Amino acid sequence: MTDHIGTAHDTDRQEPRVTTGEAQDTAVHDGDAAPAHERRRAQRGWYFYDWANSVFSTSVITVFLGPYLTDVAEAAADPDGYVHPLGIPVRAGAYFAYVVSASVLLSVLVMPLAGAVADRTGRKKALLGAFAYIGAAATTAMFFVTGDRYLLGGGLLIVANVAFASAMVLYNAFLPEIAEPHERDAVSSRGWAFGYAAGALMLVANLALFLGHDAVGLSKGMAVRICLASAGLWWAVFTLVPLLRLRDTAPGGRSGGQAAKGAGSLRQGWRQLASTLRDMRRHPLTLAFLLAYLVYNDGIQTVISQASLYGSEELDLDETALIGAILLVQVLAVFGALLLGRLAARYGARRTVLGSLVAWTLTIGAGFFLPAGEPVAFYCLAAAIGMVLGGSQALSRSLFSHLIPRGKEAEYYSVYEISDRGTSWLGPLLFGLTYQLTGSYRDAIVSLVAFFVIGFVLLARVPMRRAVEAAGNPVPETI
């Protein structure tokens, strides 16, 4: 792979540029470019799926379900504090983490299959709707997780999380179809902004109910169950918008939506997946970008998952301060995604992502020095994270869209999502080992700087223009 990767400066300088107009003309000559007003309509519908599903990751996974499901498991535990799913002794306090891990492993199996079937049949919208409503139904049904029903809660979480991940593969795969190459950074950034705005809005409503449950005559458990169910209902209602506005394309990227005869079988899906994995070896620059993304995104995901632990255990902050910080991240991520999208339009997406990785490095380094018992300092850290969080993820998604061979969008994005979910154990492992060896959460959090530094170096070595050309796509004027 290293034979194909030089420094970005050297390789990009020698590559022929394809202007925005040329890229559009190419698409028009191919007969596939949709009129601008149709693209705008599809894009607005596409944004709403981020608006629909982000409340699941924010209100359900990040805030409410973990503590609540742990309480339910503890209520069902034996005198030694163990529950026994499938006859396996598990500490009640670790049950939620194990269930999340199981859902991630199952997602790794389902996502590539969903992507292969979608690309082979051309029915991404139908599969997106199916996974979205499976996930929304499972989330809404969490209302019935009461008493000692920890198995029901775990089963619903697995179904919802697998459906969420699989639907995201299909959602991301629409990006190359609804946006011209020069539009994708802005479109992807707006989608992330919509998602964070929805997450913040629903989180405010949920927190108002949760914190004021006594005033409206609800128990704490009932308030949490309503919050969980409301996230599922929100997901279901707003998924209607993209389903009405997006349209399928036939296999290979041709307009239409008619599936090849018999192409939807699972056996053919597995065969297509095997073909895609073989095909990816012919695109080493695409794989080089994936490797860089795998590394720095693992750092991002670990910061997200461990920041509350750092705040509570090392900085001695209470639950109210931690929830406030989560809300601050959600709100500022909206503006951060839009800001970095504007910077990408001027300086290019890769340079902007590289700049965001520098900002991540400085932010996590500063986190090492935060004083204990000072929530204002923690809020400053949360604000810095929020400003780079959405943009770095949104622009990574749009960058990857240029590196996918035509007609294989869902399959390639399934591998992209695996690099998000399937490898997120690296950061937590380093975090845990560092704490175990040093006994300091400060050392553990600053160890994550390695992911951003290594990710920066790997991304800087990917010649994006040559990578786009190697994938057979038009090269935007600014990338």
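Residues numbered from 1 in each chain as written. Predicted model: local features only at pLDDT ≥ 70, side-chain atom pairs only at ≥ 80, totals over all residues. Heavy atoms only, no water.

**As for the overall build of the chain**
Then, number 1: Scanning the chain for helices and strands turns up 19 helices and two strands.
Then, number 2: Expressed as a percentage of its 479 residues, the buried residues of the chain come to 55%.
Then, number 3: Looking at the chain alone, contacts between residues at least 24 apart form 82% of all its contacts between residues at least 6 apart.
Then, number 4: Carbon and sulfur atoms make up 63% of the accessible area of the chain, which totals about 20100 Å². (Helix = DSSP H or I, 4+ residues; strand = E, 2+ residues; numbered from the N terminus. Buried < 20%, exposed > 50% of the residue type's maximum accessible area, 1.4 Å probe, protein only. Contact = heavy atoms within 4.5 Å. Areas by Shrake-Rupley, 256 points an atom, 1.4 Å probe, with all protein chains shown as cover.)

**Details of the pattern of salt bridges**
Then, number 1: For the coordinates displayed, the defined rule picks out five salt bridges.
Then, number 2: The partner of Asp 50 in a salt bridge is Arg 397, with the nearest N and O atoms 3.8 Å apart. With a gap of 347 residues between them, Asp 50 in helix α3 (residues 36-76) and Arg 397 in helix α14 (residues 375-401) connect regions that are remote in the sequence.
Then, number 3: For Arg 397, a relative accessible area of 2% puts it in the buried group.
Then, number 4: With its nearest N and O atoms 2.6 Å apart, the salt bridge here joins Glu 177 to Lys 124. With a gap of 53 residues between them, Glu 177 in helix α7 (residues 175-178) and Lys 124 in helix α5 (residues 124-140) connect regions that are remote in the sequence.
Then, number 5: We classify Glu 177 as partly exposed; its relative accessible area is 25%.
Then, number 6: For Lys 124, a relative accessible area of 3% corresponds to the buried category. (Salt bridge = Lys/Arg side-chain N within 4 Å of Asp/Glu carboxyl O.)

**A look at a nonpolar patch on the surface**
Then, number 1: A surface patch of nonpolar side chains, amounting to about 410 Å² of accessible area, comprises Val 358, Leu 362, Val 453, Phe 456 and Val 457.
Then, number 2: Listed by contribution, the elements that provide at least two residues to the nonpolar patch are α13 (349-367) and α18 (449-460).
Then, number 3: Of all the elements, α18 adds the most residues to the nonpolar patch, at three residues.
Then, number 4: For Phe 456, a relative accessible area of 30% translates into the label partly exposed. (Patch = residues over 30% accessible without salt bridge, like charges linked within 9 Å, V, L, I, M, F, W, Y side chains within 5 Å.)

**Description of the side chain of Asn 473**
Then, number 1: If you trace the backbone, Asn 473 turns up in the segment after α19 (464-470).
Then, number 2: Side-chain polar atoms of Asn 473 contact the backbone oxygen of Ile 404, separated by 2.9 Å.
Then, number 3: If we ignore the near neighbours within four places in the chain, the residues touching Asn 473 are Ser 401, His 402, Leu 403, Ile 404 and Val 468. (Polar contact = N/O pair within 3.5 Å; in protein donor to acceptor, adjacent residues only side chain to side chain.)

**A word on the confidence of the model for the chain**
Then, number 1: Considering every residue of the chain, the mean pLDDT works out to 84; 87% of them sit at 70 or more.
Then, number 2: Taken as a whole, residues 1-32 scores under 50 in pLDDT and shows 53 contacts with residues more than four places along the chain or in a different chain.
Then, number 3: Here residues 253-265 is modelled with pLDDT under 50, and outside its nearest four sequence neighbours on either side it reaches 30 contacts, counting other chains as well. (pLDDT = per-residue confidence, 0-100.)

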